[in-house]
Amino acid sequence: MFQTVGNIGGREFAESLAPDVQKLLISSSCRPLVRKKAALCLLRLYRKNPDVVNVDGWSDRMAQLLDERDLGVLTSSMSLLVALVANNHDAYWSCLPKCVKALERLARNQDIPQEYTYYGIPSPWLQVKTMRVLQYFPTIEDPNTRRSLFEVLQRILMGTDVVKNVNKNNASHAVLFEALALVKRIMSQCVALLGKFIAVREPNIRYLGLENMTRMLMVTDVQDIIKRHQAQIITSLKDPDISIRRRALDLLYGMCDVSNTKDIVEELLQYLSTADFAMREELSLKAAILAEKFAPDLSWYVDVILQLIDKAGDFVSDDIWFRVVQFVTNNEDLQPYAAVKAREYLDKPAIHETMVKVSAYILGEYSHLLARRPGCSPKEIFSIIHEKLPTVSTSTIPILLSTYAKILMHTQPSDPELQNQIWAIFRKYESCIDAEIQQRAVEYFALSSKGAALMDIMAEMPKFPERQSALIKKAEDTEADTAEQSALKLRAQQQTSNALVVTDQRPANGTPPVSELGLVKVPSMSNVDHSSADHGVTQGNGTLTVVDPQPPEPSADLLGDLLGPLAIEGPPGSAAQPERKLVPGTEGVPNANDALAIAPVGEETNTVQPIGNIAERFQALCLKDSGVLYEDPYIQIGIKADWRAHQGRLVLFLGNKNTSPLVSVQALILPPSHLKMELSLVPDTIPPRAQVQCPLEVINLRPSRDVGVLDFSYKFGTHVNVKLRLPAVLNKFLQPISVSAEEFFPQWRSISGPPLKLQEVAKLVASVALKRQS
Amino acid sequence: MGIRFILMVNKHGQTRLAQYYEYLTIEERRALEGEIVRKCLARNEQQCSFVEHRNYKIVYRRYASLFFLVGVDNDENELAILEFIHLLVETMDRHFGNVCELDIMFHLEKAHFMLEEMVMNGCIVETSKSNILAPIQLMDKAS
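Residues numbered from 1 in each chain as written. Chains lettered and ligands numbered in written order. Predicted model: local features only at pLDDT ≥ 70, side-chain atom pairs only at ≥ 80, totals over all residues. Heavy atoms only, no water.

- Chain B has the name AP complex subunit sigma in an unreviewed UniProt entry, where Actinidia rufa is given as its organism.

- In the annotation of an unreviewed UniProt entry, chain A is listed under the name Adaptor protein complex AP-2, alpha subunit and assigned to Actinidia rufa.
- Its UniProt record, at the heading Subcellular location (unreviewed entry), says of chain A: "Endomembrane system". (UniProt positions renumbered as here; feature names shortened; annotations may be inferred.)

Okay, here's the thing in structure tokens:
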């Protein structure tokens, strides 16, 4: 029964069975077998439901249990004790001397039955367990107990030698290592011992030596002693056994500080070339963090990171190179050096894509600083970067486009040949499928044609505000075991990086100019919050590359048109509105869509609420030719439309729903540039319950997604003004042509790739008699 | 806590005995066993007996054609577990007399009984061979 409950018992079991189990455990009349199981059963129940063991009464009972002669019961009680004490060591003080006594008994081999002796060592497992319990108690008050404990530990530490018999060896060392864990706060002899261990031939001992050293790092005064063994540890890094290599890496990571950084990081980099893949990512991450934390000077740091990317590009996450760029941006003296280095790396025949990204970015920003040097004229830099263009993937191309634009901007006096080359590239990418690339190509092209106005917009990136290294967060997130965690904690405690300081200054070029025409991408750097490394990555990418505020091209740009109507309105309203409605990102557009259907005028407040959803009505009218455009308690505006090729005729039916006339009726058309609209005269007053018809002629000049707006106002008590979109949209001017199947399908098939082609199968709801095609 | 699972696998990768102290589905177990066994079998004599896998450690020991693998938490004393494996082997040896893989295969239930006497819910409970084998010998006598 105990087996069952012990292994799979749940919470309900715990509550109901606990008292019984406890009773069985303490009754001495039970056979040892039963009591053993009872102890562990209780342990299980306790884990499920900590309230089961009521603490006060139980600590005495535990103390009693520990007096137990039978080692089997003692072993299981000890396991129980470990769990109890781990949660709450104060309550179990009385058990402490008993534990020490038990340990003494074992260590001195006093009346231990033969069967519990394992190769001459009395129950090593029990010793280990007991010491584990003792670890949970901070300090021992009673001097007697302390003394006896120390004696025992001393004997263990001194007396354990490497013996021939493997098993005895292992067992005694098991006890030894546990003792080390216990005393690590007290004696620094341990480190000396550990130093001996990591040079031993036996691989198990070496492994444990390294692991325990890593754990010891938490004790500060020990660190100097550990450093003395640096050479040996570095040798372990090259050990054929992967487990040992990992331990060595963790230890090196933990013990690195300003004095030995250079050596350690250089060792790590060397090792990187020969390391196996499982370790490379961890290795590169740790090397990057170490380089950042303890760099003696900044240029060394940049060197290291670039080397890292060069050697292990695949495993260098984006966080690492973002960080480099941040530092380079924030430190002006570093910039020319970084640019030179980037240029050198680009000369290499086969470089990793991340390297291309970094170099392109840095050169884009700072290549003008190098302009004097040989081999670094804008043209040469451009051609070198351009060579790499065919080799990179879609994620790098946006960065390269930015680089070209910046190079172009920085060439003073402007070089027409270079300009044409770069423009040709922009034009080529204007029709690229990827939205990001297309947008950049189009916008950069338009911007660069503007000439001198570019300077402000394309100026250097402003400095980054200081934030916690995403790398450290990442290192903490990746699965770490306890030894590693102590090293990481140590790292986190040393947050103040003394070598590299990220300054927080206002951007050098002041706040970016707000254009009158609305669309401003507000630099969202303050939003970038490394709440999670991944989030930081995507945001980081966004801010690094698309911060330059860019006003849209009013006419030629298909992407900006949805907010086009804003451009039509008078200036006062528009500047305020974009900030309100345009959240940088995707929410801007649908909001604007709905908001524009009834765009409130700043000064006057509309107290009259429209009936029905205006946006929905507009959308319905885009598909139908007649319907209600707008309705409120006083007036109803309907539309009936008739379309022929590029011409259309709408009739506005203004109906007064009330018993009194509507006065000061005014209807103004704000035509967009692609439509010619003519509204015939609208009467000033609409008599009660009457409907007035106003025809409106529309001629479509060219295709556009813009919409015409009707500015309609009237007075009924209060002044009411609404701006309504007119459903004179592109699809109205389209004419169908009939195509036979032979003509259609080759065309259809020749269109390649999504999203240009969409095929959907529509189900017939009711059977329809299919007419023959004429 | 403590021990998560104990496996006995032969050098061809076939699991002869598996005892889990935490719940995993059959597919998970199979996947886990495959991964771990591959790692351990590839190692040679000179390398240490501890392998890190995911967020726990595997302590393994090879006896002729059979590998004994124990998955433990990270804070467990590795050498103690190593010796525990040896204790297990010695116990089985005492019972079966010169234990080999076939003994385990044909008397799987006895091997499980022994293991259950020694480890309960991931903690080592009994380390005396006579105490462990006593109930099993009783069972043999009764049957």
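1. As for the overall build of chain A
At step 1: Each helix and strand counted, chain A has 33 helices and 10 strands in total.
At step 2: In chain A, which comprises 774 residues, the share counted as buried stands at 50%.
At step 3: Taking the contacts inside chain A whose residues are at least 6 apart along the sequence as the reference set, 68% of them involve residues at least 24 apart.
At step 4: As presented, chain A carries roughly 37300 Å² of accessible surface, and 54% of it is formed by carbon and sulfur atoms. (Helix = DSSP H or I, 4+ residues; strand = E, 2+ residues; numbered from the N terminus. Buried < 20%, exposed > 50% of the residue type's maximum accessible area, 1.4 Å probe, protein only. Contact = heavy atoms within 4.5 Å. Areas by Shrake-Rupley, 256 points an atom, 1.4 Å probe, with all protein chains shown as cover.)

2. Points about the overall build of chain B
At step 1: Per the secondary structure count, chain B includes 5 helices and 7 strands.
At step 2: Walking chain B from its N terminus toward its C terminus, one meets helices and strands in the order β-β-α-β-β-β-α-α-α-β-β-α.
At step 3: Split into buried and exposed, the 143 residues of chain B put 61% on the buried side.
At step 4: Taking all contacts inside chain B whose residues are at least 6 apart in sequence as the whole, residues at least 24 apart take part in 49%.
At step 5: Of the accessible surface of chain B, which amounts to about 6000 Å², a share of 50% is contributed by carbon and sulfur atoms.

3. Quick word on the interface of chain B and chain A
At step 1: Contacts between the two partners involve 39 residues from chain B, matched on the other side by 50 residues from chain A.
At step 2: Approximately 3800 Å² of surface area, both sides summed, lies buried where chain B meets chain A, with 49% of it carried by carbon and sulfur atoms.
At step 3: If you sort the residues of chain B by the area they bury against chain A, B:Glu52, B:Leu79 and B:Met120 come out on top, with a joint share of 18%.
At step 4: For A:Asp241, the salt bridge identified is with B:Arg43, shortest N-O distance 2.7 Å.
At step 5: Inspection of the region where chain B meets chain A yields 10 residue pairs in polar contact (both at pLDDT 80 or more).
At step 6: Those elements that place two or more of their residues in the side of chain B that touches chain A are strand E3 (50–53), strand E4 (56–63), helix H2 (78–96), helix H4 (108–118), strand E7 (123–124) and helix H5 (129–142) of chain B. (Buried area = accessible area lost by both parts, 1.4 Å probe. Salt bridge = Lys/Arg side-chain N within 4 Å of Asp/Glu carboxyl O. Polar contact = N/O pair within 3.5 Å; in protein donor to acceptor, adjacent residues only side chain to side chain.)

4. So, a nonpolar patch on the surface
At step 1: Together, A:Ile737, A:Val739, A:Phe744 and A:Phe745 line one region of the surface with nonpolar side chains, adding up to about 380 Å² of accessible area.
At step 2: Within the element layout of this structure, A:Ile737 appears in the loop between strand E10 (718–726) and helix H33 (741–750). (Patch = residues over 30% accessible without salt bridge, like charges linked within 9 Å, V, L, I, M, F, W, Y side chains within 5 Å.)

5. Looking at the packing of aromatic side chains
At step 1: Tallied over the entire structure, the rule returns 11 aromatic pairs over all chains.
At step 2: On the basis of an interplanar angle of 80° and a centroid distance of 5.9 Å, the ring pair of B:Phe5 and B:Tyr56 is categorised as edge-to-face. Placement of the pair is B:Phe5 in strand E1 (residues 3–10) and B:Tyr56 in strand E4, with a sequence separation of 51 residues.
At step 3: In this structure B:Tyr56 comes out as buried when scored by relative accessible area, which is 6%.
At step 4: Cluster of aromatic residues (ring-pair linked, three or more members): B:Phe5, B:Tyr20 and B:Tyr56.
At step 5: Here the basic side chain of A:Lys286 rests over the ring of A:Tyr253, its NZ or CZ set 5.2 Å away from the ring centre. (Phe/Tyr/Trp six-rings, centres within 6.5 Å; stacked < 30°, edge-to-face > 60°. Lys NZ or Arg CZ within 6 Å of the ring centre and 35° of its normal.)

6. Things to note about the sheet that holds E10(A)
Residues and elements named next belong to chain A.
At step 1: Within the open sheet, the 3 strands sit side by side as E6-E9-E10. Their pairing is antiparallel. Two strands lie at the open edges of the sheet, namely strand E6 (663–670) and E10, each paired on one side alone. On average, each strand axis in the sheet is inclined to that of its neighbour by 15°, with strand direction left out of account.
At step 2: By the bridge criterion, 9 bridges tie strand E9 (residues 708–716) to E10 in an arrangement that is antiparallel. The residue of E10 that forms the bridge with Leu710 is Leu724. (Pairing = 2+ DSSP bridges. Axes fitted to C-alpha atoms, helices over the stretch in contact; angles between N-to-C directions.)

7. Re H5(B)
Every α-helix carries 3.6 residues per turn, so stepping three or four residues along brings you back to the same face.
All names here are of chain B.
At step 1: In this model, H5 (14 residues) spans 20 Å end to end at C-alpha, consistent with the 20 Å of a helix rising 1.5 Å per residue.
At step 2: The sharpest bend along H5 measures roughly 30° and falls at Pro135.
At step 3: Among the residues of H5, those classed as buried are Lys129, Ile132, Leu133, Pro135 and Ile136.
At step 4: Looking at the buried positions of H5, the neighbouring elements they touch are H2 and H4. (Expected span 1.5 Å × (residues − 1). Bend = angle between axes of the 7 residues up to and from the residue.)

8. Observations regarding the nonpolar core
At step 1: Counting residues in hydrophobic clusters, the biggest one holds 180 residues, and the most contacted among them are A:Leu81, A:Leu401, A:Tyr404 and B:Ile3.
At step 2: In terms of residue count, the dominant contributor to this core is H2(B) (11 residues).
At step 3: Residues contacting A:Leu81, with those up to four places away along its chain left out, are A:Met62, A:Leu66, A:Tyr92, A:Cys95, A:Cys99 and A:Val133.
At step 4: Of all hydrophobic cores here, the second largest spans 33 residues; its members include A:Ala641, A:Val682, A:Val692 and A:Leu726. (Core = buried A, V, L, I, M, F, W, Y, C linked by side-chain atoms within 4.5 Å.)

9. A few points about the pattern of salt bridges
Any two side chains of opposite charge can pair, given that their charged atoms come close.
At step 1: Taken as a whole and judged by the stated rule, the model has 27 salt bridges over all chains.
At step 2: We note a salt bridge from A:Glu436 to A:Arg440, for which the minimum N-O separation is 2.7 Å. Highlighted residues: A:Glu436 and A:Arg440, both in helix H24 (residues 435–450), separated by 4 residues, approximately one helical turn.
At step 3: Under the relative-accessibility criterion, A:Arg440 is labelled buried at 8%.
At step 4: Salt bridges here are not isolated pairs; linked through shared partners, they connect A:Arg247, A:Asp250, A:Glu282, A:Lys286 and B:Glu52.

10. Thoughts on the sheet that holds strand E7 (residues 675–679) of chain A
Residue and element names in this part refer to chain A.
At step 1: Spatial strand order, E3-E4-E5-E8-E7: 5 strands in an open sheet with antiparallel pairing. A single partner strand is all that each edge strand has here, and the edge strands are strand E3 (626–631) and E7. Taking the axes of each pair of neighbouring strands and ignoring which way they run, one obtains an average angle of 25° across the sheet.
At step 2: Pairing of strand E5 (residues 647–656) with strand E8 (residues 691–700) involves 9 bridges; the strand directions are antiparallel. Across the sheet, the residue bridging to Gly648 is Val698, located in E8.

11. Topic: the confidence of the model for chain A
All names here are of chain A.
At step 1: Per-residue confidence for chain A gives a mean pLDDT of 69; residues scoring 70 or more make up 64%.
At step 2: Of the regions scoring below 50 in pLDDT, residues 479–483 engages in 14 contacts with residues more than four places distant in sequence or in other chains.
At step 3: Note that residues 495–606 has pLDDT below 50 and, in this model, 142 contacts with residues that lie over four places away or in other chains. (pLDDT = per-residue confidence, 0-100.)

12. Remarks on the side chain of B:Lys110
All names here are of chain B.
At step 1: Residue placement: Lys110 occurs in helix H4.
At step 2: By relative accessible area, Lys110 is classed as buried at 16%.
At step 3: Not counting residues up to four positions away in its chain, the partners in contact with Lys110 are His95, Phe96, Ile136 and Asp140.

13. Quick word on the packing of helix H8 (residues 143–159) of chain A against helix H9 (residues 166–183) of chain A
All names here are of chain A.
At step 1: Viewed as axis vectors pointing N to C, H8 and H9 meet at an angle of 130°, and their least axial separation amounts to 10 Å. Classified by the angle between their axes, H8 and H9 sit oblique to one another. Once H8 is placed against H9, the crossing between them reads as left-handed. Of H9, the residues touching H8 (which contributes Leu153, Ile156 and Leu157) are Val175, Leu176, Ala179, Leu180, Leu182 and Val183.
At step 2: A class-by-class count of the residues in the contact of H8 with H9 yields 9 nonpolar, no polar and no charged. (Parallel < 35°, antiparallel > 145°, perpendicular 65-115°, else oblique. Left-handed = near helix turned anticlockwise from the far one by under 90°. Nonpolar A, V, L, I, M, F, W, Y, C, P; charged D, E, K, R; others polar.)

14. Here's the deal with the confidence of the model for chain B
At step 1: Across chain B, the average pLDDT comes to 88, with 99% of residues at or above 70.
At step 2: Taken together, the chains of this predicted complex give a pTM of 0.53 and an interface ipTM of 0.76.

15. A word on unusual backbone geometry
At step 1: A positive phi angle, near 50°, is found at A:Ser664, a position not held by glycine.
At step 2: Residue classification places A:Ser664 among the partly exposed residues on the basis of a relative accessible area of 31%.
At step 3: A positive phi angle, near 55°, is found at B:Asn121, a position not held by glycine.
At step 4: With respect to the element layout, B:Asn121 can be found in the loop between strand E6 (119–120) and E7.

16. Side note on the side chain of A:Ser402
Residues and elements named next belong to chain A.
At step 1: In this fold, Ser402 is placed in helix H22 (residues 397–410).
At step 2: Looking at Ser402, the relative accessible area reads 9%, which means it is buried.
At step 3: A polar contact is formed between the side chain of Ser402 and the side chain of Arg440, at a distance of 2.8 Å.
At step 4: Setting aside anything within four residues of it in sequence, one finds Ser402 in contact with Arg440 and Tyr444.

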